[in-house]
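What follows is each chain in one-letter form.
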Amino acid sequence: MVYRLFAAVAGPLEKMLGITCRDYTQLASVKLDQPLSASERRRYFFHRLMCDICRRQEKRLRQLNRLASATLKQAGDDAMVKLDDEARGRIRHRILEELKNGSQ
Amino acid sequence: MTEPLKPTLDELVEHADALYRYALPRVRSHHAAEDLVQETLITAVKKFSEFQGRAALGTWLTGILRNKILDHLRHLQRHPESPATADENSAETDPTAEMFDANGAWKFEPSAGLDILETDPAQLADRAEIRAAVQQCLDKLPLTLRKVFVLREVEDCETDEICSAAAVTRGSVAVLLHRSRQLLRACLQRTWLNA
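Residues numbered from 1 in each chain as written. Chains lettered and ligands numbered in written order. Predicted model: local features only at pLDDT ≥ 70, side-chain atom pairs only at ≥ 80, totals over all residues.

S.K.: Whenever I open this one, the overall build of chain B confuses me. Can you help?
M.R.: Across its full length, chain B holds nine helices and zero strands. For chain B, the sequential pattern of α-helices and β-strands runs α-α-α-α-α-α-α-α-α. The 195 residues of chain B split such that 38% are buried. Of all intrachain contacts in chain B linking residues separated by at least 6 positions in sequence, the fraction that spans at least 24 positions is 65%. (Helix = DSSP H or I, 4+ residues; strand = E, 2+ residues; numbered from the N terminus. Buried ≥ 20, exposed ≤ 12 C-beta atoms within 10 Å, placed from the backbone. Contact = placed C-beta atoms within 7 Å.)

S.K.: What should I look at first to understand unusual backbone geometry in this one?
M.R.: Residues other than glycine predominantly adopt negative phi, and peptide bonds predominantly adopt the trans conformation. Residues and elements named next belong to chain B. Phi at Asp156 is positive, roughly 55°, even though this residue is not glycine. Take Asp156: there are 9 C-beta atoms within 10 Å of it, and that puts it in the exposed class. Of note, the phi angle at Ala167 is positive, near 55°, even though the residue is not glycine. With respect to the element layout, Ala167 can be found in the loop between α8 (159–166) and α9 (170–194). For Ala167, a count of 15 C-beta atoms within 10 Å corresponds to the partly exposed category.

S.K.: Looking at this structure, how should I read the nonpolar core?
M.R.: Counting residues in hydrophobic clusters, the biggest one holds 66 residues, and the most contacted among them are B:Ala23, B:Val37 and B:Val148. Of the residues forming this core, the biggest block, eight residues, is contributed by helix α4 (residues 52–77) of chain A. Shared between two domains, this core holds at least three residues of each, these being domain 1 (9–78) and domain 2 (93–194) of chain B. The residues touching B:Ala23, leaving out its near neighbours within four places in the chain, are B:Ala33, B:Leu36, B:Val37, B:Leu65 and B:Ile69. (Core = buried A, V, L, I, M, F, W, Y, C linked by C-beta atoms within 7 Å. Domains from an automatic or database assignment.)

S.K.: Just to check I follow, could you spell out α8(B) for this structure?
M.R.: Residues separated by three or four positions in an α-helix point in the same direction, a consequence of the helix having 3.6 residues per turn. Residue and element names in this part refer to chain B. Along α8, the positions that sit buried rather than exposed are Ile162, Ala165 and Ala166. With its buried residues spanning 80° around the axis, α8 presents them on a single face. Downstream of α8 by one or two residues, Ala167 has phi in the positive range, about 55°. (Arc of directions from axis to C-beta.)

S.K.: It is not clear to me how the domain arrangement of chain B should be interpreted in this structure. Could you clarify?
M.R.: By a widespread convention, an interface's size corresponds to the accessible area lost as its parts come together. Residue and element names in this part refer to chain B. Segmentation of chain B into domains returns domain 1 (9–78) and domain 2 (93–194). Contact with domain 1, which involves six residues of that partner, is made by seven residues of domain 2. With five residues, the top contributor of residues to the side of domain 1 that touches domain 2 is helix α4 (residues 57–78). A breakdown of the residues in the side of domain 1 that touches domain 2 according to their chemical character gives two nonpolar, one polar and three charged. (Nonpolar A, V, L, I, M, F, W, Y, C, P; charged D, E, K, R; others polar.)

S.K.: How should the interface of chain B and chain A be read in this particular structure?
M.R.: Facing the 46 residues of chain B at the interface are 48 residues of chain A. The set of elements that each furnish at least two residues to the side of chain B that touches chain A consists of α1 (9–14), α2 (16–27), α3 (30–46), α5 (121–125), α6 (128–140), α7 (143–153) and α9 of chain B. Residue contributions to the side of chain B that touches chain A peak at eight residues, all from α9(B). Residues belonging to the side of chain B that touches chain A are distributed by class as follows: 30 nonpolar, seven polar and nine charged.

S.K.: Just checking my understanding: could you explain the environment of B:Asp94 for this structure?
M.R.: Residues and elements named next belong to chain B. The topology assignment puts Asp94 in the loop between α4 and α5. Given 16 C-beta atoms within a 10 Å radius, Asp94 is considered partly exposed. In sequence terms Asp94 and Glu50 are 44 residues apart; their C-alpha atoms lie 46 Å from each other.

S.K.: How do you make sense of the packing of α2(B) against α3(B) when you look at a structure like this?
M.R.: All names here are of chain B. Viewed as axis vectors pointing N to C, α2 and α3 meet at an angle of 135°, and their least axial separation amounts to 8 Å. One element, α2, and the other, α3, form an angle in the oblique class. Judged by the twist between their axes, the crossing of α2 over α3 is right-handed. Contact with α2, carried on its side by Ala16, Leu19, Tyr20, Ala23, Leu24 and Val27, involves His30, Ala32, Ala33, Glu34, Leu36, Val37, Thr40 and Leu41 of α3 and no other residues of that element. Residues belonging to the contact of α2 with α3 are distributed by class as follows: 11 nonpolar, two polar and one charged. (Axes fitted to C-alpha atoms, helices over the stretch in contact; angles between N-to-C directions. Parallel < 35°, antiparallel > 145°, perpendicular 65-115°, else oblique. Left-handed = near helix turned anticlockwise from the far one by under 90°.)

S.K.: How should the environment of B:Asp120 be read in this particular structure?
M.R.: Among the structural elements, B:Asp120 can be located in the loop between α4 and α5. Taking the C-alpha atoms as reference, B:Asp120 lies 31 Å from B:Ala165; in sequence the two are 45 residues apart.

S.K.: Please explain the environment of A:Arg41 as it appears in this structure.
M.R.: Structurally, A:Arg41 is set in helix α3 (residues 38–50). Given 13 C-beta atoms within a 10 Å radius, A:Arg41 is considered partly exposed.

Structure representation (structure tokens):
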């Protein structure tokens, strides 16, 4: 409720200054990968001071990245996932062919 | 330093399952993953003289496979298996635009339903239902966004590698990462709030 009131009052000004939640979200994402420019840093820190919703959201984003990464890496460790015997046979056959062609 | 012993065919094929497990979540196709494993082992046979034994054989093979996967993704970009339905780089099709009102404020609390993320990610990833939800949401991402996200967050690729593998410009990488992260967040939020 407080956020909605604040957004309604300050929103147009924030939009003019380029420091809306939407702007902040983009800057927070960029900041994960590279340093922000001086003007980007000013906008980022100014909005961050005012908006705890965006501060929380940024923390969630970092956590989400780590979870997605852990999930995909975990999929790589799942011993239940493996090639069937037919596929292994095909691979062996293909390697043998390569070895034969290579020795000719 | 003595040269490493050349592995037998059986020793090489022993690594096939681990390589397959590495490839499958990244290329999302059993057929493509099998082909990539095959190509990796064939390359390993041809180039074994370059293996100096400093790393384990499995690590070396995974390095070869990783490059094959990047080549595969580049090839897919040039010859897509399904036609693109929208220009994902276009500002006009920014899928995150609908998350904000006309003044750029959130329409919906972006962290709602995501308290579970406070748990250690390795512990969360151990839970099958969490893995399934994350995987489903990743699969729903438009192809280019998914590629860019995986290349950055899973493969730890630098920007130049991402540009090359995903055939995107340097300037668009930051935008695409932002969009992929927000879409993933919103998808998981919907999944967990509706659960």
